[in-house]
Amino acid sequence: SQVSFEEESQNPPTVGHWKPLMPSKGDKEEPEGGCQDAGGVDEPQSTEQLNVSRLRSSSVEIREKGSEFLRDELHKAQKELKLKDKECERLSKVREQLEQELEELTASLFEEAHKMVREANTKQAAAEKQLREARGKIDMLQAEVTALKTLVITSTPSSPNRELHPQLQSPSKAGFRKGHGRNKSTSSAMVSAASQNVAPEPVSRECREVDSILFAEFQAWKESPTLDKSCSFLDRIYREDVGPCLDFTKQELSELVRVAVEQNTLTIEPVASQTVPVGKVAAEECGGPKKCALSGLPRTCKHRIMLGDSGNYYYISPSCRARITAVCNFFTYIRYIQQGLVRQDVELMYWEVMRLRREMSLAKLGFYPSDM
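Residues numbered from 1 in each chain as written. Predicted model: local features only at pLDDT ≥ 70, side-chain atom pairs only at ≥ 80, totals over all residues. Heavy atoms only, no water.

- The chain is annotated in an unreviewed UniProt entry as R3GEF factor from Eulacestoma nigropectus.

Written as structure tokens, this is what we have:
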């Protein structure tokens, strides 16, 4: 039918031939032409539908790829969030641990500080208690020293005080009385019934007056006590008492004795019945039980001295021992003043120093007790 339609289209109709407007029932060409027109209209529609389907399929594909990409990104973001959550949890645990350690450290520091304060208070209380006890002992020792000094002054083997020793009936047995006298002090509280029957001896009272120059020098030294002999107080005593009292025949040994007395390293001990020790110094320089090492004279030596830790002993006579002992007593007393152990009035301390100077003066002149 298509072929016949093409053939008819190629052959133009003749003039005067009219085709009917409405095809008849027997005409078969009109349906063919209608089919051709219908076929020409369906072809663009199918192309358009094909394009639409292609567009739809491409959009679906793009949508699927986009959703797949978004799902991948979502999974990545979720993983990162989980890691960050774990890190945050770990950091929070670390922070809690640090806060706990800080609290424990603070508590331990406060506890240690309170413990140190308690220990310091306890030590301070113990130290104060020991200080009070030491002061009490010092006061007691000072009282004992004062009593012993009173006893020594008022009663000596050469001049016994019968008020303190009522058993002594006759003073003639007291021994040879030296050319110097001692101040007698009486105590009514210590007088016994036995001494009341004995005729009292005449008591010599001596008057004393403070020398203004010596007292001023002592006061200046007392403000800042020192053992430096360059001060005026000690310089005078060194020149007038200490130097002459320790000036013996053996000059070299005398200098060693003076240094040992100043440094408080000299030892005096009684001589026992033993052989003479062998030391670095020769035997005749050390002296012996029958020869004084300081004076070089033949004397009966009842004591010996040692200078420091040398181990060498030097035998000394009673006179030399009295001179050394007098100087040692003086240095001992001024050391007590320097250390603050003497709690007396300045004038009383001054007179005690003068008494010790008098003892040195008497000793350097050769006077000493018979029991030396």
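1. Section: the environment of Thr249
Next, step 1: Looking at the secondary structure, you find Thr249 in the loop between α5 (232-245) and α6 (251-262).
Next, step 2: Classification of Thr249 by relative accessible area gives exposed; the value is 56%.
Next, step 3: As for Thr249 and Ser295, which are separated by 46 residues in sequence, their C-alpha atoms are 4.9 Å apart.
Next, step 4: Setting aside residues up to four positions removed in sequence, Thr249 forms contacts with Leu294 and Ser295. (Helix = DSSP H or I, 4+ residues; strand = E, 2+ residues; numbered from the N terminus. Buried < 20%, exposed > 50% of the residue type's maximum accessible area, 1.4 Å probe, protein only. Contact = heavy atoms within 4.5 Å.)

2. With respect to a negative patch on the surface
Next, step 1: On the surface, Glu64, Glu68, Asp72, Glu73 and Glu80 cluster together into a patch of negative charge.
Next, step 2: Along the chain, Asp72 turns up in helix α2 (residues 29-154). (Patch = residues over 30% accessible without salt bridge, like charges linked within 9 Å, V, L, I, M, F, W, Y side chains within 5 Å. Areas by Shrake-Rupley, 256 points an atom, 1.4 Å probe, with all protein chains shown as cover. Salt bridge = Lys/Arg side-chain N within 4 Å of Asp/Glu carboxyl O. Lys, Arg positive; Asp, Glu negative; His and termini not counted. Charge placed at Lys NZ, Arg CZ, Asp CG, Glu CD.)

3. What about the sheet that holds strand β3 (residues 313-316)?
Next, step 1: Spatially, the 3 strands line up as an open sheet ordered β1-β2-β3, and their pairing is antiparallel. In this open sheet, the two edge strands, each paired with only one partner strand, are β1 (266-270) and β3. Neighbouring strand axes in the sheet, compared pairwise and without regard to direction, differ in orientation by 30 degrees on average.
Next, step 2: Judged from the 5 bridges that link them, β1 and strand β2 (residues 303-307) form a sheet pairing that is antiparallel. (Pairing = 2+ DSSP bridges. Axes fitted to C-alpha atoms, helices over the stretch in contact; angles between N-to-C directions.)

4. A few points about the confidence of the model for the chain
Low-confidence regions, as indicated by low pLDDT, have predicted coordinates that should not be scrutinised in detail.
Next, step 1: Per-residue pLDDT for the chain has a mean of 76; in total, 69% of the residues score no lower than 70.
Next, step 2: For residues 155-159, every residue scores under 50 in pLDDT, and the model assigns this stretch 14 contacts once sequence neighbours within four places are set aside.
Next, step 3: Contacts from residues 274-285, a stretch scored under 50 in pLDDT, to residues over four places away or in other chains number 15 contacts. (pLDDT = per-residue confidence, 0-100.)

5. A few points about a positive patch on the surface
Next, step 1: Taken together, Lys76, Lys79, Lys82 and Lys86 make up a surface patch of like positive charges.
Next, step 2: Along the chain, Lys82 falls in helix α2.
Next, step 3: For Lys82, a relative accessible area of 58% puts it in the exposed group.

6. Remarks on α5
Next, step 1: Over its 14 residues, α5 extends 19 Å from the first C-alpha to the last, a length consistent with the 20 Å expected when each residue adds 1.5 Å.
Next, step 2: Bending of α5 peaks at approximately 50 degrees at the position of Tyr238.
Next, step 3: Every buried residue of α5 is listed here: Phe233, Leu234, Ile237, Tyr238, Asp241, Val242 and Cys245.
Next, step 4: Looking at the packing, one finds that the buried side of α5 touches α4 (212-223), α6, α8 (318-338) and α9 (346-364). (Expected span 1.5 Å × (residues − 1). Bend = angle between axes of the 7 residues up to and from the residue.)

7. Examining the packing of aromatic side chains
Next, step 1: Per the stated rule, a full pass over the model turns up 8 aromatic pairs.
Next, step 2: With centroids separated by 5.1 Å and ring planes inclined at 35 degrees, the aromatic side chains of Trp221 and Phe233 adopt a geometry described as tilted. With Trp221 in helix α4 and Phe233 in helix α5, this residue pair connects regions lying 12 residues apart in the sequence. Phe233 shares its class with Trp221; the two are buried.
Next, step 3: One aromatic cluster in this structure is built from Phe215, Phe218, Trp221, Phe233, Tyr350 and Trp351.
Next, step 4: In this structure, Arg208 is placed above the aromatic ring of Trp351, and the distance from its NZ or CZ to the ring centre is 4.6 Å. (Phe/Tyr/Trp six-rings, centres within 6.5 Å; stacked < 30°, edge-to-face > 60°. Lys NZ or Arg CZ within 6 Å of the ring centre and 35° of its normal.)

8. A word on α8
Next, step 1: In this model α8 runs 30 Å from its N-terminal to its C-terminal C-alpha over 21 residues, within 8% of the 30 Å that 1.5 Å per residue would give.
Next, step 2: Gly340, located one to two residues past α8, shows a positive phi value of around 75 degrees.

9. Some remarks on the nonpolar core
Next, step 1: Ranked by internal contacts, the top residues of the largest apolar core, which has 44 residues, are Val242, Val257, Leu294, Ile324 and Phe330.
Next, step 2: Looking at this core, the elements with two or more residues in it are α4, α5, α6, β2, β3, α8 and α9.
Next, step 3: The residues touching Val257, leaving out its near neighbours within four places in the chain, are Leu266, Leu294, Ile305, Leu307 and Ile324. (Core = buried A, V, L, I, M, F, W, Y, C linked by side-chain atoms within 4.5 Å.)

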